[in-house]
Amino acid sequence: MLDIQLLRNDLESVAKRLVEERAYVLDVAHFQALEHERKSIQTRTQELQAKRNQTSKQIGLAKGKGEDVSAIMAEVADLGDELKAAETRLVAVQDQLNDILMGIPNLPHESVPAGKSEEDNVEVRRVGTPRRFDFSVRDHVDVGEGLAQLDFATGSKLSGARFTVLKGPLARLHRALSQFMLDVHTGEHGYTELYVPYLVNADSMRGTGQLPKFEADLFSVQKNENEKLYLIPTAEVPVTNMARDEILPLESLPQKFVAHTPCFRSEAGSYGKDTRGMIRQHQFDKVELVQVVHPSKSYEALEELTGCAEAILQKLELPYRVMALCGGDMGFSAAKTYDLEVWLPAQNTYREISSCSNFEAFQARRMQARFRNEKGRPELAHTLNGSGLAVGRTLVAILENYQRADGGVDIPAALQAYMGGKKFIQRPSS
RNA sequence: GGAGAGGUGGCAGAGUGGUCGAAUGUACCUGACUCGAAAUCAGGCGUAGGUUCAAACCUACCGAGGGUUCGAAUCCCUCCCUCUCCGCCA
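Since we're looking at a predicted model, the values are computed, not measured. All residue numbers refer to position in the chain's written sequence, counted from 1. Chain letters and ligand numbers both follow the written order, the letters beginning at A and the numbers at 1. Local features in this predicted model are restricted to residues whose pLDDT is 70 or higher, and side-chain atom pairs enter the listing and the counts only when it is 80 or higher, whereas totals over whole chains, interfaces and linings include all residues. To obtain the side-chain values, all non-hydrogen atoms of the structure were used and water was disregarded.

Q: Just checking my understanding: could you explain the overall build of chain A for this structure?
A: Segments assigned H or I by DSSP are reported as helices when at least four residues long, segments assigned E as strands when at least two residues long, and all are numbered from the N terminus. Each helix and strand counted, chain A has 13 helices and 18 strands in total. Type-normalised accessible area, obtained with a 1.4 Å probe on protein chains alone, sets the label of each residue: buried when under 20%, exposed when over 50%, and partly exposed for intermediate values. Out of the 430 residues belonging to chain A, those deemed buried represent 50%. Within chain A, counting contacts between residues at least 6 apart in sequence, those at least 24 apart form 73% of the total. Using a 1.4 Å probe, accessible areas were evaluated by the Shrake-Rupley method; residue-level cover was limited to the displayed protein chains. Summed over its atoms, the accessible surface of chain A is roughly 20,700 Å², and 49% of this surface lies on carbon and sulfur atoms. When charges are counted, neither His nor the chain ends are considered; positive counts come from Lys and Arg and negative counts from Asp and Glu. Charge positions are represented by NZ for Lys, CZ for Arg, CG for Asp and CD for Glu. Computed over 52 positive and 59 negative side-chain charges, the inter-centroid distance for chain A is 3 Å. We call two residues in contact whenever any of their non-hydrogen atoms come within 4.5 Å of each other.

What follows is the structure, encoded as structure tokens:
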């Protein structure tokens, strides 16, 4: 959520930036009309409230002295109706303003490249060299099914399309990956490990920006007649929302958390995309990094956090590149985003495996996540998060990059300790 | 799932219709005393919004939402959460 003061004071230029940098059209005239109405109604409401309070006090005093109060009572007889009408209207107007505000995307940081789509993203650096294969490369589906350890048919039997069953060593490799990532981030990067709920309430989804705009992307369950719970699409939601409605002590910043959770996404609107394989699933595991930081440190923190995610790829010796997303390709809440893209030889391209973003105060303002600043005043914190990494896609990358001519898959050196010393995976002999 | 108790300021804890945004204690900050500290004394000490150059003033907030009333922390309704006991259970 943008600061409403920014819109009040500088509506035209904010609207201009939203169109140019985020392709978002703000109805300036409508907003202005609402804001104008809000101002006059709020003033009127508060006047009426003051009058009511004053009069009620007088009645109390007069009654205490045993005086007749019918004259004063008559004076406020019709005040109640007018006040109620004003209050109702005020709430309605504020709701409308709030709806607009909740639907406006974040403004990009000045360092974000201009652009409308993926095409305009800028490559920041490229690390590692894609391996040369002296045999014809298979994609992860062929490799995994060839090993009889990756089973899409059974996944769809159990749950439908976009669900997968892993078996044997490959299932273990999947587990090994998340253990490895957690160990690196807690042991080497100073993140505190968390275990968090996978079902969260609507307030939490609003806090990080999934609601109200992206309900279609979420799975939900009915908790009871009145309440829904949502399956988390990323650990970002529960972890970041821990700071919701808090005023954190200055010395507690920066807060750095890592959590391994499953993630659930309905993938509405991407029906034709990545239907083959486990690139795009309804359920996948992710190790997520989250930071809550002092506003003056958030861009430093974005570089640090991105580096932590990169460290995993480096340790796994997977070639990747870092992309600075352009304004048009960034997520709704982000002020700046780096995507890490891992090399997938079968697709002969780099594919997203991590997304690291600084949200500045956008999420913090929605969820009232604050800290007590140097002057002792509450101030909105900045929040960041990034995948470190998406476990399923990392597994895909290993299957493709570490495949062997005989159909087996070598296990990256960094993971061998997590695999009981095994150096490769092959098809069971029987 | 059943029975009961309760949700008030950082914490503790009063307040059952009228100067209550809220006593008191404690923590914290400032000052006095002290060589310094402790103790003691004095003062300060919630969040958000509005009008405003500012000072200041006004408004809202006592788990959430609604209702009664001239007036609600206090009465009524719905919901949420916490605790205790019983049952069930990974």
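Q: Explanation requested: the protein's contact with RNA strand B in the structure shown.
A: Residues in contact with RNA strand B amount to 24 residues; listed here are only the nearest, Arg-8, Lys-39, Gln-42, Gln-49 and Arg-370. Note on terminology: near, applied to a residue and a molecule or strand, indicates that one of the residue's heavy atoms is within 4 Å of it. Those atoms of RNA strand B that come within 4 Å of the protein belong to sugar or phosphate at a rate of 72%. Pairing of N or O atoms within 3.5 Å defines a polar contact, subject to two protein rules: one partner must be a possible hydrogen donor and the other a possible acceptor, and residues neighboring in sequence count only if both atoms are side-chain atoms. One of the side-chain N or O atoms of Gln-46 is found 3.3 Å from a base nitrogen in RNA strand B. A per-element tally of the surface near RNA strand B places helix α2 (residues 28–64) first, with 12 residues. Residue polarity follows a fixed list, in which Ala, Val, Leu, Ile, Met, Phe, Trp, Tyr, Cys and Pro are nonpolar, Asp, Glu, Lys and Arg are charged, and the others, Gly among them, are polar. Looking at the surface near RNA strand B residue by residue, the class counts come to 5 nonpolar, 9 polar and 10 charged.

Q: Please clarify how the pattern of salt bridges should be interpreted in this entry.
A: Close approach of charged atoms allows side chains of opposite charge to pair. The term salt bridge refers to a pairing of a side-chain nitrogen on Lys or Arg with a carboxyl oxygen on Asp or Glu at a separation within 4 Å. With the rule as written, the count across this model stands at 24 salt bridges. Two residues, Arg-89 and Glu-37, come together in a salt bridge whose shortest N-O distance is 2.7 Å. Of this pair, Arg-89 sits in helix α4 (residues 79–102) while Glu-37 sits in helix α2, and the two are 52 residues apart along the sequence. Since its relative accessible area comes to 24%, Glu-37 is described here as partly exposed. One salt-bridge network, held together by shared partners, links Glu-123, Arg-126, Arg-321 and Glu-341.

Q: Honestly, the domain arrangement of chain A in this entry has me stumped. Any pointers?
A: When the parts of a complex come together, some accessible area is lost, and that lost area is often taken as the interface size. Its domain assignment divides chain A into domain 1 (27–102) and domain 2 (118–425). For every domain, the bounds stem from an assignment made automatically or drawn from a database. Here the C-alpha centre of domain 2 lies 49 Å away from the C-alpha centre of domain 1.

Q: Sorry if this is basic, but what is going on with unusual backbone geometry here?
A: Most of the time, phi is negative for any residue but glycine, and the peptide bond is trans. In this model, Leu-211 is joined to Pro-212 through a cis peptide bond whose omega is 5°. Secondary-structure assignment places Pro-212 in the loop between α8 (202–208) and β6 (220–222). Omega for the bond connecting Gly-388 with Leu-389 falls within 30 degrees of zero, at 5°, which places this linkage in the cis form. The phi dihedral of Ala-148 is positive, around 60°, even though this residue is not glycine. Mapped onto the elements, Ala-148 comes out in the loop between α5 (140–146) and β2 (150–151). Positive phi is not limited to glycine here, since Asn-348 has a value of about 55°.

Q: Where do I start with the layout of surface pockets in this structure?
A: Empty space among the atoms becomes apparent when a probe as large as a water molecule is rolled across them. Estimates place the volume of the second largest pocket at around 270 Å³. If you go around the second largest pocket, you meet 14 residues; those closest to its centre are Thr-164, Leu-166, His-174, Gln-281 and Gln-283. Those elements that provide at least two residues to the lining of the second largest pocket are α6 (152–158), β3 (165–166) and β10 (283–293). When residues in the lining of the second largest pocket are grouped by element, the largest group, 3 residues, is from β10. Taken together, the residues of the lining of the second largest pocket sort by class into 6 nonpolar, 7 polar and 1 charged. As defined here, a cavity is a set of points on a 1 Å grid over the protein atoms alone where a 1.4 Å probe fits but cannot get out. A pocket is an open set with protein on both sides within 12 Å along at least five of seven lines, and residues line them when an atom is within 4 Å of a point. Grid points are joined across faces, edges and corners, and a volume is the space filled by probe spheres set on the points.

Q: Help me out: how do you make sense of the packing of α2 against α4 in this one?
A: Angle between the axes and distance between the axes: these two values describe a pair of packed helices. Structural elements are reduced to axes, namely lines fitted to C-alpha atoms, with helices fitted over the stretch in contact, and the angle between N-to-C directions of any two is expressed from 0 to 180 degrees. It is at 9 Å that the axes of α2 and α4 come closest, and there the two elements cross at 145°. Where α2 crosses over α4, the two elements pack in a sense that is left-handed. Tallied by class, the residues present in the contact of α2 with α4 amount to 11 nonpolar, 6 polar and 9 charged. Working rule for handedness: look at the near helix, and if it is turned counterclockwise from the far one by less than a right angle, call the crossing left-handed; if clockwise, right-handed.

Q: Please clarify how the pairing of strand β13 (residues 349–358) should be interpreted in this entry.
A: With 7 of 10 residues buried, β13 lies mostly within the body of the structure. A strand pair is defined by DSSP finding two or more bridges across the two strands. Where strand β12 (residues 336–344) and β13 come together, 9 bridges link them in antiparallel fashion. Residue pairing for β13: Thr-337 is matched across the bridge by Ser-357. Hairpin connection between β12 and β13: a loop of 4 residues separates the two successive antiparallel strands, and Asn-348 in this loop has a positive phi of roughly 55°. One ladder, built from 3 bridges, connects β13 with strand β16 (residues 382–390); its direction is antiparallel. Paired with Asn-358 across the bridge in β16 is Leu-384.

Q: Would you take a moment to explain the sheet that holds strand β4 (residues 192–194) for this structure?
A: Strand pairing in a sheet is mediated by backbone hydrogen bonds. Such pairs are either parallel or antiparallel. Read from one edge to the other, the open sheet built from 8 strands follows the order β1-β11-β12-β13-β16-β10-β9-β4, with strand pairing classed as mixed. Strands at the two margins of the open sheet, each flanked by one partner only, are β1 (122–127) and β4. For this sheet the average axis-to-axis angle between neighbouring strands, irrespective of direction, equals 25°. Against the sheet, helix α10 (residues 298–315) touches β1, β9 (255–264), β10, β11 (320–324), β12, β13 and β16, its axis set at about 5° to β16.

Q: For this particular structure, what's the right way to read the sheet that holds strand β14 (residues 369–372)?
A: Pairing in this open sheet of 3 strands is mixed, and the strands run β8-β14-β15 from one edge to the other. The sheet is open, and its two borders are formed by β8 (246–248) and β15 (378–380), each paired with just one other strand. Within this sheet the neighbouring strands show an average axis-to-axis angle of 40°, counted without direction. As defined by bridge partners, β8 adjoins β14 across 3 bridges and the pair is classed as parallel. Opposite Ile-247, over in β14, you have Arg-370 as the bridge partner.

Q: Is there a simple way to think about the pairing of β16 in this case?
A: Taken residue by residue, a regular strand's side chains alternate between the two faces of the sheet. With 9 of its 9 residues buried, β16 lies for the most part within the structure. Two elements, β10 and β16, share 7 bridges in a ladder whose sense is antiparallel. The residue of β16 that forms the bridge with Lys-286 is Ala-390.

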